[in-house]
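Structural characterization, general
Each chain is listed here by its residues.
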Amino acid sequence: MADENDNTAGQLRERHVSMIAIGGVIGAGLFVGSSAAISRAGPAVLLAYIFAGIQTMMIMRMLGEMVLNSPRSGSFIIQIRRGLGPHAAFVAGWAYWILWAIIAGTEVIAGAGLIENWISLPRVAIEGILIAIMTASNLFSVRGYGEFEYWLSFMKISAVCIFITVCVLSIFGLINTFPIQSAVTAQNMLPHGVLAVITIIPTIMMSLTGSEIATVAALETRNPSVSVARAANSVPIKILLFYVISVALILYILPVNDVHSGFSPFLATLTQLHIPYATTAMAFVMFIAVMSCLNSAIYVTSRVMMEMATFGDAPLFLAKRGSTGVPTAAIIMAAGVEAIVALFSTLSPGGIFTFLLSASGALILFDYFLAALAQIRLRKKMIRQNQTPDCPMWLFPILSYLTAGSFLLVLVIMMFEAQTRFEIEFSSFIVIVITSISLFRNRCSGIKSNDGNIVRQEVHEKSGIG
């Protein structure tokens, strides 16, 4: 995917890659979305978070193995191409792009909702301004995006660390004059039964989406092997700790009955501890969080689209980089789609927008499942060739099969749970449509996938790169 003359090589640093990966995960899903999981499953939701965190750790290790074996080939979508072929890559790439385009739209909506009381402008105008700012961040340069996202993610992570510190100090009575007793008892551990804990796993998995961005961002570093290896080893553990420790402290301090879906349990906990200015502080943190996720969403959708165009899976002009090294057309296309999604929410908040959001629910689980299958196949190929990966998946093939099976299990669980059945049905419909397009285009002369070399050469000739 990247070549020696690619003028983006080295623009991102290792610190950027790690922060981009962590920042893509720590967003509204943690600060607000965790309320839905806690209210549905009770204190035992912590077990679901641990399980989902381990799944994230396993898939990151598998992605790390594949990317390190071919460090300049491309993101995890290209690893699916290497392992499962062009049809699987076409479906995985477009499913992933659709997912992040819709996620970006939701972040725009959330961001506008947080500041509309501070700015006397119509919500549509605020949404347009937010998209314009983050699009400019991505168009400026690869390094500019990385630096901007680094500090946004740094602020989010700092906020989580401050929250953890305040809670711990309060529990030990160092910043509060009243004693705090655990809100968890044997009687309220499983208020809605074991099934509620199992069925909440898909929702938690979707909130952990984003760590795989490291495999995309690493391509624009000077040493992608080192960047991917460090991200694969450290990012999942950090994410697991941030989520698990935060949720555990919330459960300890805040009674489950005081956690309401759609309202930040972080804010409720700080209010319970009588922390001054908590409302204003959390509003600022959540705004930073959604803007960081929007920034990363524009980045990843543009890079995946550029990558697919390189292999003939999208219009050729989207593969071109501008003078600053960024895929200008792909970024503008991503911003345009996100603006349309945000507009749908204004025109039809309970109709088209809800449909799009629900339809995208299980797409990341589907892509993770394909990535796990690709890792198994590529690793077996390496074994036949007597090769050893630099960052091998632990206990292969047992853990690889268990990881793939766990994603499949979550998808199956979604079919039997009324609250998630709609998501899996329409996500399946999207996958079927994309697969049908892939099969149809393969029958049409001149519209076949390629290995990327011809398209890459044409793009370089037309854009002056290389």
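Looking at an unreviewed UniProt entry, one finds the protein named Amino acid ABC transporter, with Komagataeibacter diospyri as its source organism. As stated in UniProt under Subcellular location (unreviewed entry), the record for the protein gives "Membrane".

Topic: a positive patch on the surface
Taken together, the side chains of Arg 82, Arg 377, Lys 380, Lys 381 and Arg 384 make up a positively charged region of the molecular surface. The element best represented in the positive patch is helix H17 (residues 363–384), accounting for 4 residues. Take Lys 381: it is sitting in helix H17. Using a relative accessible area of 42% as the deciding quantity, one classes Lys 381 as partly exposed.

Focus: unusual backbone geometry
Residue Phe 396 is joined to Pro 397 through a cis peptide bond whose omega torsion reads 5 degrees. Take Pro 397: it is sitting in the loop between H17 and helix H18 (398–416). The phi torsion at Tyr 277 lies on the positive side, around 60 degrees, for a residue other than glycine. Within the secondary structure layout, Tyr 277 lies in the loop between helix H13 (265–272) and helix H14 (278–310). Tyr 277 sits in the exposed class, given a relative accessible area of 70%.

Reading the values: rules and limits
Residues numbered from 1 in each chain as written. Predicted model: local features only at pLDDT ≥ 70, side-chain atom pairs only at ≥ 80, totals over all residues. Heavy atoms only, no water. UniProt positions renumbered as here; feature names shortened; annotations may be inferred. Patch = residues over 30% accessible without salt bridge, like charges linked within 9 Å, V, L, I, M, F, W, Y side chains within 5 Å. Areas by Shrake-Rupley, 256 points an atom, 1.4 Å probe, with all protein chains shown as cover. Salt bridge = Lys/Arg side-chain N within 4 Å of Asp/Glu carboxyl O. Lys, Arg positive; Asp, Glu negative; His and termini not counted. Charge placed at Lys NZ, Arg CZ, Asp CG, Glu CD. Helix = DSSP H or I, 4+ residues; strand = E, 2+ residues; numbered from the N terminus. Buried < 20%, exposed > 50% of the residue type's maximum accessible area, 1.4 Å probe, protein only.

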